[in-house]
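Per-entry structural report
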Amino acid sequence: MIRFYKSLENRIQEIPRLEEGCWVSAVSPTEDETAFLINVLGLDQGFVRAALDEEESSRIEEEETQVLVIVDVPVVVPAADRGDESAVRYTTMPMGIILAEKWVVTISPTPQPVITEISDGLVKNVAPNLKTRFLLILLLRIASRFLLHLKQIDKLSTTAEQQLHKSMRNQELFQLLSLEKSLVYFSTSLKSDEMTLEKIMRGRIIKLYDEDEDILEDVLIEIKQAIEMCNIYSNILSGTMDAFASIISNNLNIVMKVLTSLTIVMAIPSLVSGVYGMNVTGLPLPTFWFAMSLMAVLIAIATVILSKKGMFH
């Protein structure tokens, strides 16, 4: 889907057709729409294909009068794409921003909340005709989105940990494992985005004005903060997983110990009845009540010994 937006009366609004100085938003474009981007807008074919590649890494590249900036954006994995629908998982998807001579174009292989926020007018001071400023505001929203999802991951991990304290269920363990994988994706993407921002900061590819530099510094601060939060949460989550793995292993040992003790106690009646059931002579007091009493005494002795050794708890 391709839509066109322009700043009218200090507010971003959708316009019916392409105009100079507008913002072109392409989300999951079809082959015809991709051809429109290349043939009508005159975008570099390699830039468009790179922006639509879900495996593309964050980078900045210049080709004649066009500049391509690819950044990783955090997204929530839909329930239909998850193996376990009860586990929330996050990942990152690349989004391409092309600064052309007459307009700025964003290309995303999947719908992005960041694009929706700007197109719905939820972000102030957005002017597509100021291409560099528009790019930096978009990058700032992406950095804020990373921080938002990291806080959500922290809350989800805390909730799962509290549930695990009550009962050891696989559901909570799957949730923690899924969040740990999400943090790995975030950490890799954030470091890649940071390198791209530092290249922009040098001002060799994109000309920066004083106000632009201030916004870019804010973006870098947000990204660095997100990287630090990601590392902290990842270490905490890794330690939590190791702790619960040890607890589960310890609980299994306790269960096996109790079952072994019960097996020993229950083997005593079988042993006594087996001996007194033999077709032999010379057994002491070969009566029913003596055999039962002997079983009871041996069971009591075994139970006391095992209890003192802590085998039943």
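I will try to describe carefully the structure that is included in this document.

1. Overview of the nonpolar core
By size, the foremost hydrophobic cluster in this structure holds 54 residues, and its most contacted members are L138, L139, I142, I200 and I206. Secondary-structure elements contributing two or more residues to this core are β5 (66–76), β6 (90–99), α3 (113–119), α4 (131–166), α5 (170–201) and α6 (210–276). The element best represented in this core is α4, accounting for 14 residues. Residues in contact with L139, not counting those within four places in the same chain, are V71, L197, I200 and V219. With 21 residues, the next largest nonpolar core counts F4, I15, V24 and A100 among its residues.

2. Quick word on the packing of aromatic side chains
In this description, a pair of aromatic rings is defined by centroid distance and the angle of the planes. Counted according to the given criterion, the structure contains five aromatic pairs. Summarising the aromatic geometry, the rings of Y90 and F186 are spaced 6.1 Å apart at their centres and angled 65° between planes, so their arrangement reads as edge-to-face. Residue Y90 is located in strand β6, and its partner F186 is located in helix α5; the two are separated by 96 residues in the primary sequence. A relative accessible area of 3% places Y90 in the buried class. What makes F186 buried here is its relative accessible area of 0%. Site record: aromatic cluster; members linked through ring pairs are Y5, W23 and F134.

3. Digging into the environment of V71
When you line up the elements, V71 lands in strand β5. Spatially, the C-alpha atoms of V71 and S192 are 8.1 Å apart, while their sequence positions differ by 121 residues.

4. Side note on the layout of surface pockets
Unfilled space is identified by rolling a water-sized probe across the atoms. The calculated volume of the largest pocket comes to roughly 290 Å³. Taken together, the residues of the lining of the largest pocket break down into seven nonpolar, three polar and five charged. Estimates place the volume of the second largest pocket at around 220 Å³. Taken together, 13 residues form the lining of the second largest pocket, with E54, E56, D72, T92 and S189 sitting closest to its centre. Elements represented by at least two residues in the lining of the second largest pocket include exactly β6 and α5. Counted by class, the lining of the second largest pocket contains three nonpolar, six polar and four charged residues.

5. Looking at the pairing of strand β4 (residues 59–63)
Judged from the five bridges that link them, β4 and β5 form a sheet pairing that is antiparallel. Counted as the bridge partner of R59 is I70 from β5. Between β4 and the antiparallel strand that follows it, β5, lie two residues; E64 among them carries a positive phi value of about 55°.

6. Some remarks on the pattern of salt bridges
Pairing is possible between side chains that carry opposite charge, provided their charged atoms lie close to one another. Applying the stated rule across the entire model yields 10 salt bridges. Between E117 and R145 there is a salt bridge whose closest N-O contact spans 2.2 Å. Of this pair, E117 sits in helix α3 while R145 sits in helix α4, and the two are 28 residues apart along the sequence. Here E117 and R145 have matching classes, each one buried. Between E198 and K224 there is a salt bridge, with its nearest N and O atoms 3.9 Å apart.

The rules we used
- Counting restarts for each chain, with residues numbered from 1 along the sequence as it is written.
- The model is predicted, so local features are restricted to residues of pLDDT at least 70 and side-chain atom pairs to those at 80 or more, both for listing and for counting; the totals for chains, interfaces and linings are taken over all residues.
- The side-chain quantities take in all heavy atoms of the structure and omit both hydrogens and water.
- To define a nonpolar core, start from buried Ala, Val, Leu, Ile, Met, Phe, Trp, Tyr and Cys residues and group those joined through side-chain atoms within 4.5 Å.
- Buried means the residue's accessible area, taken with a 1.4 Å probe over protein chains only, is under 20% of the maximum for its type, while exposed means over 50%, and partly exposed covers the values in between.
- By the criteria applied, helices consist of DSSP H or I runs no shorter than four residues and strands consist of E runs no shorter than two, each listed in order from the N terminus.
- Should any heavy atoms of two residues lie within 4.5 Å, those residues are counted as being in contact.
- Working definition: rings of Phe, Tyr and Trp (its six-membered ring) pair if their centres are within 6.5 Å, and the pair is stacked with planes under 30 degrees apart, edge-to-face with planes over 60 apart, and tilted otherwise.
- In this analysis a 1.4 Å probe is tested at points of a 1 Å grid over the protein atoms alone, and where it fits but cannot get out there is a cavity; an open set with protein on both sides within 12 Å along at least five of seven lines is a pocket; lining residues have an atom within 4 Å of a point.
- Grid points are joined across faces, edges and corners, and a volume is the space filled by probe spheres set on the points.
- Polarity classes work like this: nonpolar for Ala, Val, Leu, Ile, Met, Phe, Trp, Tyr, Cys and Pro, charged for Asp, Glu, Lys and Arg, and polar for all others, with Gly in that last group.
- A pair of strands is treated as paired once DSSP finds two or more bridges between them.
- The term salt bridge refers to a side-chain nitrogen of Lys or Arg lying within 4 Å of a carboxyl oxygen of Asp or Glu.

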